[in-house]
Amino acid sequence: MTALWYFRPLFRRHAGRMAWTLLLTMLTLAAGIALLGVSGWFLTAAALSTAAVSFNLFGPSSLIRGLSLVRILSRYGEKLVGHDTTLRLLADLRGWLFASLFPRVPYAARDLRHGDLVSRLTADVDSLDTVFLVAIGPVVTALALGSAMAVLLFSLIPGAGLIYGLALLAAILIVPTVLVGVTRQRGREAVSASAETRMAVIDGIDGHSDLIAFGQTAAARAAFASATDRLALARRQVGSAGAWAAGAVQGLAGVSLLGVTAFGIGALRDGVLSGPVLVGLLLGVIASFEATAAIVRSIAKLGASMAAAERLKAIAIGRPPIADPVRPVPLPDGSTVTFSNVTFGHDSARPVLRGLDLTVPAGGRVAILGPSGSGKSTLLALLLRLQDPQGGSVSVAHTDIRAVAQRDLHRRVALLSQDTPVFLGTIRENLLIGRAEATDADLWHALDAARLADFVRGTAEGLDALVGETGRTLSAGQARRLCLARTLLSEAPVLAFDEPTAGLDRETEAEFLSDLARATRGRTILLSTHAGLPEGAVDRAYRLRDGKLEPADGFGPLLRPEDRAPQQRSAPAD
Amino acid sequence: MLIQRTEPAEGETPPNEGRWLMAQRRRGGSALMVAIALPLLSGVLLVGQAFCLASLLHRVVVEGADLPAVTTMLLTIAVLMITRIGLGIAAERAGIGAAERIKRSLRGMLYGALLDHRPDWTSARSSGALSAVIVDQTEALDGFFARYLPAMVQATILPLAFAAAILPVDVVVGLLFLVTAPLIPLFMALVGWGAEAATRAQADAFTRLSGLFADRLRGIVTLKLFDRADSETQTVVLASESLRKRTLGVLKIAFLSSAVLEFFAALGVAGVALYVGLTYLGFVDLRGSPLTLQAGLFCLLMAPEVYQPLRQLAAHYHDRAAAKAAVAEMAQQFGALPDLAESTIEGALPEPAPASSALAVSVALEGLTVYTPDRKHLVLDDVTLAIQPGTHIALLGQSGIGKSTLLEAMARLRAFDGKILIGGELLEDLAEADLRSRVAFLGQRPRLFHGTIADNIRLGRSGASDPDIRIAAERATVMEFACTLPEGLDTPIGEGGVGLSGGEAHRVALARIFLRDPGLILLDEPTAHLDTATEERVIDALLAFAVGRTLVVATHSAAIAARLDRTYRIAGGRVLPAAHPRWAGPQRNREGVA
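Asks: Looking at this model, I keep getting lost on the interface of chain A and chain B. Mind explaining?
Replies: As a measure of interface size, the accessible area lost when the parts come together is often cited. Taken residue by residue, the interface counts 158 residues in chain A and 162 residues in chain B. The contact between chain A and chain B buries some 14,100 Å² in all, and 67% of this surface belongs to carbon and sulfur atoms. The interface formed by chain A and chain B holds twelve salt bridges in total. Put simply, Arg 104 of chain B and Asp 229 of chain A hold a salt bridge, and the shortest N to O gap is 2.1 Å. Applying the counting criterion to the chain A and chain B interface returns 27 residue pairs in polar contact (both at pLDDT 80 or more). With 29 residues, helix α9 (residues 217-269) of chain A is the largest single contributor of residues to the side of chain A that touches chain B. Along the lines of polarity and charge, the residues of the side of chain A that touches chain B split into 75 nonpolar, 51 polar and 32 charged.

Asks: Teacher, can you tell me more about the environment of Met 152 of chain B here?
Replies: Within the secondary structure, Met 152 of chain B is located in helix α6 (residues 142-166). Along the backbone, Met 152 of chain B and Gln 312 of chain B are 160 residues apart, and their C-alpha atoms lie at a distance of 8.7 Å.

Asks: Would you take a moment to explain the nonpolar core for this structure?
Replies: A general trend in soluble globular proteins is that nonpolar side chains are found buried together. Judged by nonpolar contacts, the single largest core of 279 residues is most densely connected at Ile 457, Val 478 and Leu 489 of chain B. Residue contributions to this core peak at 21 residues, all from helix α10 (residues 293-334) of chain B. Both of domain 1 (7-317) and domain 2 (337-569) of chain A provide at least three residues apiece to this core. With residues up to four places along the chain from it excluded, the contact list for Leu 489 of chain B reads Thr 452, Ile 453, Ala 454, Ile 457, Ile 469, Arg 470, Ala 473, Val 478, Met 479 and Ala 482 of chain B. Core analysis: the next-biggest nonpolar cluster, separate from the first, contains 35 residues, Val 363, Leu 365, Leu 406 and Leu 413 of chain B among them.

Asks: Help me understand the environment of Pro 493 of chain A in this model?
Replies: Residues and elements named next belong to chain A. Mapped onto the elements, Pro 493 comes out in the loop between α17 (476-489) and β9 (494-498). Looking at Pro 493, the relative accessible area reads 28%, which means it is partly exposed. In sequence terms Pro 493 and Ala 362 are 131 residues apart; their C-alpha atoms lie 8.7 Å from each other.

Asks: Quick question: what am I supposed to make of the domain arrangement of chain A here?
Replies: You can read the domains of chain A as domain 1 (7-317) and domain 2 (337-569). Its C-alpha centre places domain 1 of chain A at a distance of 54 Å from the equivalent point of domain 2 of chain A.

Asks: In this structure, what is going on with the sheet that holds strand β1 (residues 363-371) of chain B? I would like to understand it.
Replies: Strand pairing in a sheet takes place through backbone hydrogen bonds and is either antiparallel or parallel in direction. Residue and element names in this part refer to chain B. As summarised here, the arrangement of the four strands in space is β2-β1-β4-β5, forming an open sheet in which the pairing is antiparallel. What marks the edges here is a single partner per strand, and that holds for β2 (378-387) and β5 (425-426). Pairing of β1 with strand β4 (residues 417-422) involves five bridges; the strand directions are antiparallel. From the neighbouring strand, Val 363 faces β4, where its bridge partner is Ile 422. Contacts between helix α11 (residues 403-410) and the sheet are confined to β1, β2 and β4, with β1 contributing the most and set at about 120° to the helix.

Thresholds, definitions, all that
Residues numbered from 1 in each chain as written. Chains lettered and ligands numbered in written order. Predicted model: local features only at pLDDT ≥ 70, side-chain atom pairs only at ≥ 80, totals over all residues. Heavy atoms only, no water. Contact = heavy atoms within 4.5 Å. Buried area = accessible area lost by both parts, 1.4 Å probe. Salt bridge = Lys/Arg side-chain N within 4 Å of Asp/Glu carboxyl O. Polar contact = N/O pair within 3.5 Å; in protein donor to acceptor, adjacent residues only side chain to side chain. Helix = DSSP H or I, 4+ residues; strand = E, 2+ residues; numbered from the N terminus. Nonpolar A, V, L, I, M, F, W, Y, C, P; charged D, E, K, R; others polar. Core = buried A, V, L, I, M, F, W, Y, C linked by side-chain atoms within 4.5 Å. Buried < 20%, exposed > 50% of the residue type's maximum accessible area, 1.4 Å probe, protein only. Domains from an automatic or database assignment. Pairing = 2+ DSSP bridges. Axes fitted to C-alpha atoms, helices over the stretch in contact; angles between N-to-C directions.

The structure is reproduced here in structure tokens:
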């Protein structure tokens, strides 16, 4: 419940619509009770009446017609407004959740799987619809009208009022509470099994070639089957509990019907009320239980909703690992990059970078060489603040990047990472991510620089050609070059390339590296690669070894930050 | 190599979704029959219950009976109620059980169909959309089997049965029910027509939204770094908003149809009340005998019940539309509806037999022609090539020229025209298990799954022992970095190799190859992410492993090409012999060099 409570600000935004829904729900139920009550009273009175002339026929009959019409219209309105409210709420929730993911990027992706995240944003959000529309609304309505009915009964026949009141209270509060308790665990199980099923499907798609090539499809099917088995079992248990609860509510309705009848007979004997009124009351009691059946149906799903809310809250709360400073300083102009005495390790006991120093002057072009796993990618990730170093500092334009807003930093420094994907959409859409306001001429320029222009020109649709998710319909080299063009398109004065030529053939690679200076003229370049560098590609090259940089053969001496002072070494790690 | 948005395969009209759905009933088994039959029984008991209640009120109100005089009747009503509650619970549980069974079996079938396709089929589709079909759209069938089907049977039988029960009590009321009840489903079918198109649009919007999420979440780091958080959030909000509008469009129609039904039901109830009232008052006299309160109340109590099954059907009519839309969505994403005849045999594919025949196999390509998946562009044009058993071959060529395509075709992972002969047998004739045990393939972007490094290597052979895995890891130079990790090979890694560098992830995937015993090894850029020193060690291990096996490597690396027997270059859709690059290292003599 606390997880659901967390989302109340979103609910509050739609308070007006919710109030309308509630009002219409009450009107519907009230009209239903009145309709059956009046009919029963009218019929009995008519049967008992001996003088037709004295009987007012038109009053009750027009009341019956009026109530029928009111009930139909208000039910239509209630459903429409209620669903509209819920759907707006879900749309808000999706947008809000998606936006709240960005500050948490890169989240601990090792713990949060892709398919699971997709499941949270689609199915889990959807399962929250139960909360208001079918749980809170009907409960409030049934409580309000049920109390009114109980008070009326109590004033006429105290015993009947008591039985009815207790039975109704049990149907609205006790049965649902027990049901929530029983289904909570199962609901959570269903939500997690559903996410597991989705992960299995996405794994099967992403690893389809590997599964087939290694003859592992049977194992994949078995894993999938165990997820769907879990899902079916959990759902069946939730449904079963719901069926029992619905039965209990029906039983309570029966108890109050029989109780009111038994006490009513006594009251009739004592002359407290007339026959027609008794029949009217009885039929009203039957009608008032209409709302409670709906409550039980939706409460059975509440367990899943609560689990979904918890899963959603889990990705939305918590301090982002990398946070903007409270009062960010403006980033002054400039594109000098400085690493001073930087120490970093994913496991801080075994640092990958150990007191690393590097200065790249504005407009300088530097290559970082080193074996795979030596920390080249980590070095570049630190420059973008995808991680913070445990010791030392990284500065851009002589300003510690931890002191500036991430948004300012990302406008200044663009990264082509090794795992950057091609997005589902057209080539144009993929490129515009680099710079939203770029013209077609800019796009072609970037494609030219990335040596992809000829390929794009060769397709019938040109820039509007569609590429599949993660660029699987492009060759690896083409996908890489599309991402490269996207990075080149960015106006950031500092560009960081992590293995920009992976997947390119040697010729293209050499051409690209030679072109790089021209394509990025005036910008500061950091480039990690294990490729051989052609003459003139970079100003300097360093080799990353044992967590430190050393000049690579044939290149100039290592630049040190001139202001490297002892007190800087003790820069705060957190 | 570009794709079209997935449209239903042209020239093939989608089969009747309704009929297909009904055919899925048999997956539900006898539970579905129970779910349909029990409510009918309960309906019969309801007539008795209403009759008792009306009689009881009659005796109390008209005849002035005391409480003890009607105790038996009260008890009868109580027993009837309890029985009906029991029947209701049993029916609902049976319905849910049947629906779960059907969904489970259907999901297994869809996932099986997915895996049975070639990878070039899945790669042209959105993983988010496909998973939405298997998880969410299948879920949409729930209401159809658990609620709509039982409601439909009830709505067909119960109103008429109730009307027949009322006939002896009052002919006019009975006839009124008999005439009005069948009119309602007729009217609803008309409304339902409109609902179907709208529901389909909504299912489509949901699938699209799932696809969008799957895609954008994958690249969320990139989006953040390019400062696209706001605009991408806007995209998501717009897509959600469009889903809302479509859903509301569907619901409007569904609600309208139930409102229409309510209207008729209310007319019926009000008509009965008025008729009975007027008869009591003597304004109307259509019957020979006087109408008792008992008969009148019975008619009034039964009136809402006559329309109740129809109202229930109206409430669940939306389930039917949603189910049909879901099936249409399945048909669209999967190209065609899964074959009905194909029952689900989970894990029907036999585990590949441990390859005992380490005999090198020959490969022959005859007139091999491969198009891009959209069949618009030619990648390989009438390629003919013979590879002797045990030969080691390098495929060179610019990126995007078709090296990967050729390897994928040889691994039967891609459609092609012409012939590919593996060990003299046509590729398409080879049994799957046989093919996989004889041919090992490692793609350019192998997938690492969520699990430990050892788990990921074990994908090469499910039953591999820990020492085997360690040896494979050593050969692929995985141990070089794994031994620096606190948990070694048992270190968990994220999906896609999160936690490892690009080169490390690739070496983990490469280690899988060493667990197999193939006659033909197909490797796509096995050393693309590696520095020269590591590359050299990996090549050494690969060549040692490939002795006595046929090896085809697509590569940009001159270091690899120099150490293989022959070099071919792909250009202009052709595979041409190329000059063999020199290798500065020691000369070796090996068998199998033609």
